[in-house]
Amino acid sequence: MLSAEDGKELKVAVMVSGGGTNLQAIIDAVKEGRIHDTKIVRVISNKADAYALKRAEDAGIEATAVTRSEYGSKEAFDKALLEALEEAGPDLVVLAGFLVVLSPGIIRKYRGRIINIHPSLIPSFCGEGYYGLRVHEEALKRGVRVTGATVHFVDEGCDTGPIIMQKAVEVMPGDTPEILQRRVMEQAEWKILPETIDRIARGEIAIGDVSGGES
Ligand code: GRF
């Protein structure tokens, strides 16, 4: 387990696919001292045109695009993603709107040190195909009065790893998927993801392979 008590900064790699508002929340929290003893050492995107890459550049953070079309096979792409992570040498990997299923090799290498933000209260509205607006469309279709966001450890499944933090958000009359998504981001995602990273950096939440499996 690594913690700031070791006098070391928590090195974080953030993986993104889109607008990067969760990345921005982390960048701002580090800058404003709401995340202690942490350095974002790399931003990795699977989309070369992700606005998240611009956010990283504006913040002076090294950013890499690893795109599937550059590689002849999924295996080669997965290997390139793993190599990009290894090159960054993170203590913690944060999936912030990252839409690629991580390979077993990456999960094995970083077991217990990968966290993800999901825009619902897991186990509701999660799993295969539940990402982005679709999550909020399904919540509105089901008529839930409360939704929210979840930060969880990433394992081999889809949104199935141990839950770390959750924050509830009220569904309001007249909500559209877009309005609800925005409220969940503002009131939940952008709060619990930075808070989780800070708690890990301060040693309040343990990370690392507690299962004793392959490192
Ligand atoms: C959003 O749907 C968010 O709820 C989820 O990933 C998507 C993109 O987020 N976490 P971001 O703006 O790229 O962080």
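Just so it is clear, the model here is predicted, and its values are computed rather than measured.

Basis of the calculations
Numbers given for residues are sequential positions, taken from 1 along each chain in its written order. With pLDDT at 70 or above as the cut-off, local features in this predicted model cover only qualifying residues; side-chain atom pairs require 80 or more to be listed or tallied, and sums for whole chains, interfaces and linings still use all residues. Only heavy atoms go into the side-chain values, all of them from the structure, while hydrogens and water stay out. What makes a nonpolar core is a set of buried Ala, Val, Leu, Ile, Met, Phe, Trp, Tyr and Cys residues whose side-chain atoms join them at distances within 4.5 Å. Note on classification: 1.4 Å probe, protein chains only; a residue is buried when its accessible area is under 20% of the maximum for its type, exposed when over 50%, partly exposed between these limits. Secondary structure counts use DSSP, requiring at least four H or I residues in a row for a helix and at least two E residues in a row for a strand, with both numbered from the N terminus. Residue contacts are counted whenever heavy atoms from the two residues lie within 4.5 Å of one another. Helix axes are fitted to C-alpha atoms over the stretch in contact, other axes to C-alpha atoms as well, and angles between N-to-C directions run from 0 to 180 degrees. Oblique is the label for every angle not falling under 35 degrees (roughly parallel), over 145 degrees (roughly antiparallel), or within 65 to 115 degrees (roughly perpendicular). The sense of a crossing depends on the near helix, which, turned anticlockwise from the far helix by less than a right angle, makes the crossing left-handed and, turned clockwise, makes it right-handed.

(A) The arrangement of the nonpolar core in detail. By size, the foremost hydrophobic cluster in this structure holds 37 residues, and its most contacted members are Val-14, Val-43, Leu-92, Val-94, Ile-115, Leu-193 and Ile-197. Take this core: its biggest share by element is eight residues, from helix H6 (residues 177–201). Residues in contact with Leu-193, not counting those within four places in the same chain, are Asn-22, Ile-26, Val-94, Ala-96, Ile-115, Ile-117 and Val-151. Core analysis: the second largest hydrophobic core is formed by 20 residues, Ala-13, Ala-84, Leu-85 and Ile-106 among them.

(B) Broad picture of the packing of helix H5 (residues 133–142) against H6. The interhelical angle for the contact between H5 and H6, taken along N-to-C directions, is 110 degrees, at an axis separation of 9 Å. Considered as vectors, H5 and H6 are oriented roughly perpendicular to each other. As H5 runs across H6, the sense of the crossing is right-handed. On the side of H5, the interface is formed by Leu-133, His-136, Glu-137 and Leu-140, while H6 contributes Pro-177, Glu-178, Leu-180, Gln-181 and Val-184.

(C) Unusual backbone geometry, seen in detail. A cis amide bond links Ile-122 with the next residue in sequence, Pro-123, at an omega value of 15 degrees. Mapped onto the fold, Pro-123 is located in the loop between strand S5 (114–118) and H5. In this structure, Asp-37 takes a positive phi of about 45 degrees despite not being glycine. Here Asp-37 is to be found in the loop between helix H1 (21–31) and strand S2 (38–45). Look at Asp-37 and you get partly exposed, because its relative accessible area is 41%. The backbone of Asp-159 sits at a positive phi, close to 65 degrees, despite the residue not being glycine. By the secondary structure assignment, Asp-159 is in the loop between strand S6 (146–153) and strand S7 (163–170).

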